[in-house]
Amino acid sequence: MPDQVERTVVVTGGSRGIGKAVCLAFADPHTSIWFNYSSDVSAAVETEKILREKGARAHGVKVDVRSEDQVKAFFKTLVAEYGRLDVLVNNAGITRDNLLVRMKEADWDGVMDINLKGAFLCSKVAARTMIQQHSGRIINITSLVGVTGNAGQSNYVAAKAGLIGLTKALARELAQRNITVNAVAPGFIDTGMTGILDETAREHILSQIPLGRAGSAAEVAGVVEFLASDKAAYMTGQVIHVSGGMYI
Ligand code: NAP
């Protein structure tokens, strides 16, 4: 007899990087994990395989978080299959860095649409099910720079600061339905997103980290796992920094 599914978790952008580590942190035989991705099919297939090896029901689906129709269809399928939705992790994100005067409108819109509007669309659909079941956790992956600002990232910083605003508004709006909404703000984490930096830029950032090293995706995932657990039941509307002390 297959194990009973007790928990359904959705992770956007779960095929690689931090999202993949979050999926792994939730992987057990009683959990159904649904993650989406936008283009890298082989990474998604590999993540699905690893999750299944850990006994989880894993479903990697190509869903663009910018598309309301795709998002709605994705959530409809997963709720139809297991009848509930316990945790939503809004993690999908991109960077398109440039100085303000050189930034193209398409790069502003692209970052806003994926990093902020995507979280709005997914939260809106997920909240319907969570409200009905009178429980749920929404965890938004923002960024240290959404609090501190960063030159050359006005689009990304605005989106991540917006995500903190969304977190606080939804925390207040959904609390009476027993749904908590929190944000995790990573600093400099070793993933594909930061792998594109040249050695000089990397060394410069590392020199600003009190703990003296980059963080791992698993170290961010551990905090997400905590926020989704019973231990964090009385926390809502908070921003938890995971930055090696870059923000104190
Ligand atoms: P990553 O390695 O580049 O992975 C990004 C993930 O998002 C991939 O699974 C990607 O799928 C997915 N994605 C991109 N566009 C999407 C779309 N339109 N619809 C659905 N999925 C989409 O990034 P990461 O470093 O793990 O970052 C994850 C989150 O943490 C992001 O929100 C990022 O801003 C935040 N963060 C990262 C750092 C860091 O140092 N790495 C620091 C602070 C905050 P495809 O591969 O198929 O496109």
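Residues numbered from 1 in each chain as written. Predicted model: local features only at pLDDT ≥ 70, side-chain atom pairs only at ≥ 80, totals over all residues. Heavy atoms only, no water.

Draft legend 1. Representation of the nonpolar core in the model. Residues Val-10, Phe-75, Leu-78, Leu-85 and Leu-88 are the most contacted members of the largest nonpolar core, which totals 35 residues. By residue number, the principal contributor to this core is helix α4 (residues 105–133), which donates 10 residues. Sequence-distant contacts of Leu-88, that is, excluding residues within four places in its chain, are made with Val-10, Thr-12, Phe-75, Cys-122, Ser-123, Ala-126, Met-130, Arg-137, Ile-138 and Ile-139. Within the second largest apolar cluster, 30 residues are counted, among which are Ala-56, Val-223, Val-224 and Ala-232. (Core = buried A, V, L, I, M, F, W, Y, C linked by side-chain atoms within 4.5 Å. Buried < 20%, exposed > 50% of the residue type's maximum accessible area, 1.4 Å probe, protein only. Helix = DSSP H or I, 4+ residues; strand = E, 2+ residues; numbered from the N terminus. Contact = heavy atoms within 4.5 Å.)

Draft legend 2. Structural context of empty space enclosed by the protein. Applying the stated rule across the entire model yields one cavity of 30 Å³ or more. What the largest cavity holds in volume is close to 60 Å³. Taken together, Thr-12, Val-65, Asn-90, Asn-91, Ala-92, Ile-114, Asn-115, Gly-118, Ala-119, Ile-141, Lys-160 and Leu-163 form the lining of the largest cavity. Of the residues forming the lining of the largest cavity, the biggest block, four residues, is contributed by α4. When grouped by side-chain class, the residues that make up the lining of the largest cavity number six nonpolar, five polar and one charged. (1 Å grid on protein atoms, 1.4 Å probe; cavity = no way out; pocket = protein on both sides within 12 Å on 5 of 7 lines; lining within 4 Å. Points joined across faces, edges and corners; volume = space filled by probe spheres on them. Nonpolar A, V, L, I, M, F, W, Y, C, P; charged D, E, K, R; others polar.)

Draft legend 3. Just the environment of Leu-144, in detail. Tracing the chain through its elements places Leu-144 in the loop between β5 (136–141) and α5 (145–148). Among the residues examined, Leu-144 registers a relative accessible area of 7% and is labelled buried. Taking C-alpha positions, Leu-144 is 11 Å from Tyr-156, a pair spaced 12 residues apart along the chain. Leu-144 has contacts with Ala-185, Pro-186, Gly-187, His-241, Ser-243, Met-246 and Tyr-247, leaving out every residue within four places of it along the chain.

Draft legend 4. Here's a closer look at the sheet that holds strand β6 (residues 179–186). In spatial order, the strands read β3-β2-β1-β4-β5-β6-β7; together these seven strands make up an open sheet with parallel pairing. Looking at the sheet topology across the chains shown, the edges are occupied by β3 (57–62) and β7 (239–242). Shown here is a sheet whose adjacent strand axes are inclined to one another by a mean of 15°, direction ignored. Here six bridges tie β5 to β6, and the two strands are oriented parallel to one another. Note on β6: the bridge partner recorded for Ile-138 is Val-181. Its contacts with the sheet place helix α1 (residues 17–26) against β1 (7–11), β2 (31–37), β4 (87–90) and β6, and it is angled at close to 170° to β1. The sheet contacts of helix α6 (residues 154–174) involve β5, β6 and β7, and relative to β6 the element is tilted by about 160°. (Pairing = 2+ DSSP bridges. Axes fitted to C-alpha atoms, helices over the stretch in contact; angles between N-to-C directions.)

Function cannot be read off these values alone, since they describe shape.
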